[in-house]
Amino acid sequence: MFKSLLRRLKPLPRVVIETERFTLRGVSREWLGRHSFRWAENEAFLDGLGWPPGPYTRRKWTRRFTRSDNRKVFHFAIFPRGSDHLIGSHGVFFTEPGSALLYVAIGDLEWWGKGVVQEVRAALLDFVFDKAGGHRAYGQVHGRNAASMYNYQRLGFRHEGTMRQQRLLPRSNERVDLVMFGLLKEEWLARRSVREMRPDPPSTRNTG
Ligand SMILES: CC(C)(COP(=O)(O)OP(=O)(O)OC[C@H]1O[C@@H](n2cnc3c(N)ncnc32)[C@H](O)[C@@H]1OP(=O)(O)O)[C@@H](O)C(=O)NCCC(=O)NCCS
């Protein structure tokens, strides 16, 4: 108990990760709640997460996010490199030793369809497996979120199961499946070594 009190009093470790186009910074849920509050009004965004439509107070919005400690639970705020404009967040939660649950939320719709998740998640998988002691990463997506399912599969996650009619979508009141995706460390390392051996293809992505 004394140890956990000490840990709570210590400042959060700073975690910063750079990708080609983005800077990711580990932030507290209070920081994220304060800076992402405008996302609470976006129905398409809330539908993707399966979150209720609100209205939200700032406190209620903040409490939708799990409390982070930058040790086992991370919210990475996503910024375009060289900018302090928050465009989204990507979570990494070690729900069991070595097993990291992922979530992503791109709150700035200008950045949808521009490959943010692919680039940011690849860097976070390196972090999970190389630095944070992870042996497995996984995600759970409701069955109406095609973009999110596509994003997992494109990075090599396997479909590991479907919980039929598990989620009730609050706005449409529709019961939908929850689809589970998982990736093991050795699968990611194998994929990465193949990628590193290939020459870079010419970029066809809109770089925003
Ligand atoms: C989910 C989210 C992060 C996806 O953002 P994104 O990666 O920019 O999404 P994109 O539009 O690029 O879609 C990803 C891929 O899925 C494909 N896709 C999207 N909708 C599709 C559909 N209905 N059917 C088939 N493919 C589809 C896109 O074509 C794209 O593939 P491409 O890269 O080959 O073009 C974003 O929509 C978001 O933040 N939503 C709100 C929060 C959320 O849903 N989080 C996930 C919770 S698990």
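Being a predicted model, the structure only gives us computed values, none of them experimental.

### Some thoughts on the packing of helix α5 (residues 116-131) against helix α7 (residues 185-197)
Line of reasoning, step 1. Packing of α5 against α7 leaves a shortest axis separation of 11 Å and a crossing angle of 125°. The angle between the axes of α5 and α7 places the two elements in the oblique class. For the pair α5 and α7, the crossing hand works out as left-handed. Mapping the contact onto sequence places A122, L125, D126, F129 and D130 in α5 and K185, W188, L189 and R192 in α7.
Line of reasoning, step 2. Partitioned by chemical class, the residues of the contact of α5 with α7 number 5 nonpolar, no polar and 4 charged.

### Let's talk about the layout of surface pockets
Line of reasoning, step 1. The volume enclosed by the second largest pocket comes to roughly 860 Å³.
Line of reasoning, step 2. Taken together, 37 residues form the lining of the second largest pocket, with L49, V104, A105, N145 and S148 sitting closest to its centre.
Line of reasoning, step 3. Listed by contribution, the elements that provide at least two residues to the lining of the second largest pocket are α3 (43-49), β5 (99-106), α5, β6 (136-142) and α6 (146-154).
Line of reasoning, step 4. Here the residues of the lining of the second largest pocket sort into 21 nonpolar, 10 polar and 6 charged.

Rules used in this analysis
Residues numbered from 1 in each chain as written. Predicted model: local features only at pLDDT ≥ 70, side-chain atom pairs only at ≥ 80, totals over all residues. Heavy atoms only, no water. Axes fitted to C-alpha atoms, helices over the stretch in contact; angles between N-to-C directions. Helix = DSSP H or I, 4+ residues; strand = E, 2+ residues; numbered from the N terminus. Parallel < 35°, antiparallel > 145°, perpendicular 65-115°, else oblique. Left-handed = near helix turned anticlockwise from the far one by under 90°. Contact = heavy atoms within 4.5 Å. Nonpolar A, V, L, I, M, F, W, Y, C, P; charged D, E, K, R; others polar. 1 Å grid on protein atoms, 1.4 Å probe; cavity = no way out; pocket = protein on both sides within 12 Å on 5 of 7 lines; lining within 4 Å. Points joined across faces, edges and corners; volume = space filled by probe spheres on them.

Purely spatial values, then, with no claim about function.
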